[in-house]
Amino acid sequence: MEHEIVMDLLPLYHDGVCSAASRAAVEVHLETCDICREALAEMDAPLPTAETQKNAADGAAVKKISEEWKKTRWKARLKGAAMAAAVCLVLVGAWLAATQLHLFPVPAEKIQLSNVRQLSDGRVLYHFYIDDDLNLRRVKFEYDEAGNKYYVPLRALITEKRWDGVTLADREMILDVAEENTWAESQGIDREVTRVWYGRGEEAVLLWEEGMDLPAASAADEAAWGYEQGSADYWAARENEPLKAGG
Ligand SMILES: [Zn+2]
């Protein structure tokens with residue numbers, strides 16, 4: 001008997017309601033057909049009870065939930081990592097801005113200019129000091145139309161403590177207005193500096209003014225800072241010249 005016919009007869013066979021002839025034919029076929037034998041066996045398998053079906057469904061639901069949960073967990077982790085990275089970036093950025101952006105002028109009352117004297121070549125020596133224990137890393141040049149030049153010491157929001165040794169906050173400085181004006185002229189800049197200040201605006205401290213009567217520099221100053229145009233000493237001295245405040 002053909003396999004398909006047997007498959008159709010199987011339920012009847014199983015329930016014992018088919019004819020003897022069909023039965024015999026089915027049993028012959030069952031001897032050689034695994035599929036039919038399996039199909040018959042399944043008919044004996046207990047029908048999934050509502051409970052087992054529910055358990056199977058629950059199992060599938062739990063599996064789905066746990067997969068969803070795993071996915072969400074990864075998403076949450078990635079989101080968390082991205083947020084942590086963003087917070088770090090913001091913090092680093094804020095820190096760099098607070099420590100590296102030198103935007104805040106040093107209050108004029110802290111600026112002390114002392115021992116202002118003039119070399120025979122007209123350059124002015126003086127001592128620059130900021131009356132606190134913080135470092136200084138930037139002095140900016142600002143000019144106005146009236147011949148004023150302002151050296152503006154600038155600090156970041158957070159400034160480190162002054163370190164021993166070389167610091168802009170406490171040192172000998174030299175002012176070479178003649179050279180500055182010569183340079184401006186050579187660049188075609190219509191500007192002549194006639195007064196030099198430290199700080200900004202009303203509070204600025206005057207360092208030098210054209211025609212100002214300054215004490216002469218000492219012989220030691222002349223020896224240390226003086227020079228003759230073109231001499232070896234001149235260039236040697238220029239290399240060791242005290243730091244000029246620069247923008
Ligand atoms: Zn079969």
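Report follows, based on the coordinates.

What counts, and at which threshold
- Residues numbered from 1 in each chain as written.
- Predicted model: local features only at pLDDT ≥ 70, side-chain atom pairs only at ≥ 80, totals over all residues.
- Heavy atoms only, no water.
- Donors = N, O, S within 2.8 Å, 3.2 Å for Na, K, Ca; no water.
- Tetrahedral: all angles 85-135°; square planar, octahedral: opposite > 155°, others 65-115°.
- Helix = DSSP H or I, 4+ residues; strand = E, 2+ residues; numbered from the N terminus.
- Buried < 20%, exposed > 50% of the residue type's maximum accessible area, 1.4 Å probe, protein only.
- Pairing = 2+ DSSP bridges.
- Axes fitted to C-alpha atoms, helices over the stretch in contact; angles between N-to-C directions.
- Phe/Tyr/Trp six-rings, centres within 6.5 Å; stacked < 30°, edge-to-face > 60°.
- Lys NZ or Arg CZ within 6 Å of the ring centre and 35° of its normal.
- Contact = heavy atoms within 4.5 Å.

So, the coordination of the zinc ion
Here comes step 1: Bound to the zinc ion on the protein side are His3 (ND1), His29 (NE2), Cys33 (SG) and Cys36 (SG), at distances that span 1.8 to 2.3 Å.
Here comes step 2: Metal-centred angles of 105 to 120° between the 4 donor atoms at the zinc ion mark the site as tetrahedral.
Here comes step 3: Taken in chain order, the donor set of the zinc ion reads H-x25-H-x3-C-x2-C. Residue His3 is located in helix 1 (residues 3-14), and its partner Cys36 is located in helix 3 (residues 34-44); the two are separated by 33 residues in the primary sequence.
Here comes step 4: On the basis of relative accessibility, which here comes to 24%, the residue His3 falls in the partly exposed class.

Focus: the sheet that holds strand 6 (residues 170-175)
Here comes step 1: The sheet built from 3 strands is open, its strands ordered 2-3-6 with antiparallel pairing. One side of each edge strand has no neighbouring strand; the edge strands of this open sheet are strand 2 (111-118) and strand 6. The sheet shows a mean angle of 25° between the axes of neighbouring strands, taken without regard to direction.
Here comes step 2: Direction of pairing for strand 2 relative to strand 3 (residues 124-130): antiparallel, over a ladder of 6 bridges. Residue pairing in the sheet places Leu113 in a bridge with Phe128 of strand 3.

Re the packing of aromatic side chains
Each aromatic ring pair is described using two quantities: the centre-to-centre distance and the angle formed by the ring planes.
Here comes step 1: A full pass over the atoms with the stated rule returns 6 aromatic pairs.
Here comes step 2: An angle of 80° between the planes, with centres 6.4 Å apart, marks the rings of Phe141 and Tyr143 as edge-to-face.
Here comes step 3: For the pair Tyr151 and Tyr198, a centre-to-centre distance of 5.1 Å together with 50° between the ring planes defines the contact as tilted. Of the two residues, Tyr151 is situated in strand 5 (residues 148-155) and Tyr198 in strand 7 (residues 195-198); the sequence distance between them amounts to 47 residues.
Here comes step 4: Residue class for Tyr151 comes out buried when judged on its relative accessible area of 5%.
Here comes step 5: Members of the aromatic cluster, connected to one another through ring pairs, are Tyr126, Phe128, Phe141, Tyr143, Tyr151 and Tyr198.
Here comes step 6: One cation-aromatic arrangement involves Arg77 over Trp74; the distance from NZ or CZ to the ring centre is 5.0 Å.
Here comes step 7: Arg191 extends its terminal NZ or CZ atom over the ring of Tyr143, reaching a point 3.6 Å from the ring centre.

What about the pairing of strand 7?
Here comes step 1: As defined by bridge partners, strand 5 adjoins strand 7 across 4 bridges and the pair is classed as parallel. By the bridge assignment, Tyr151 is partnered in strand 7 with Tyr198.
Here comes step 2: Direction of pairing for strand 7 relative to strand 8 (residues 205-209): antiparallel, over a ladder of 4 bridges. For Val196, the partnering residue across the bridge sits in strand 8 and is Trp208.

Examining the pairing of strand 3
Successive side chains on a regular strand alternate, one facing one side of the sheet and the next facing the other.
Here comes step 1: Here strand 3 lies mainly inside the structure; 5 of its 7 residues are buried.
Here comes step 2: What sits between the antiparallel neighbours strand 2 and strand 3 is a turn of 5 residues, in which Gly122 has the positive phi angle 95°.
Here comes step 3: As paired strands, strand 3 and strand 6 are joined by 6 bridges and run antiparallel to one another. Considered in strand 6, the bridge of Leu125 is made with Ile174.

Structural notes on the environment of Arg191
Here comes step 1: Mapped onto the secondary structure, Arg191 falls in the loop between helix 5 (177-186) and strand 7.
Here comes step 2: For the pair Arg191 and Gly147, spaced 44 residues apart in sequence, the C-alpha to C-alpha distance is 6.8 Å.
Here comes step 3: Setting aside its immediate chain neighbours within four residues, Arg191 contacts Tyr143, Glu180, Asn181, Trp183 and Ala184.

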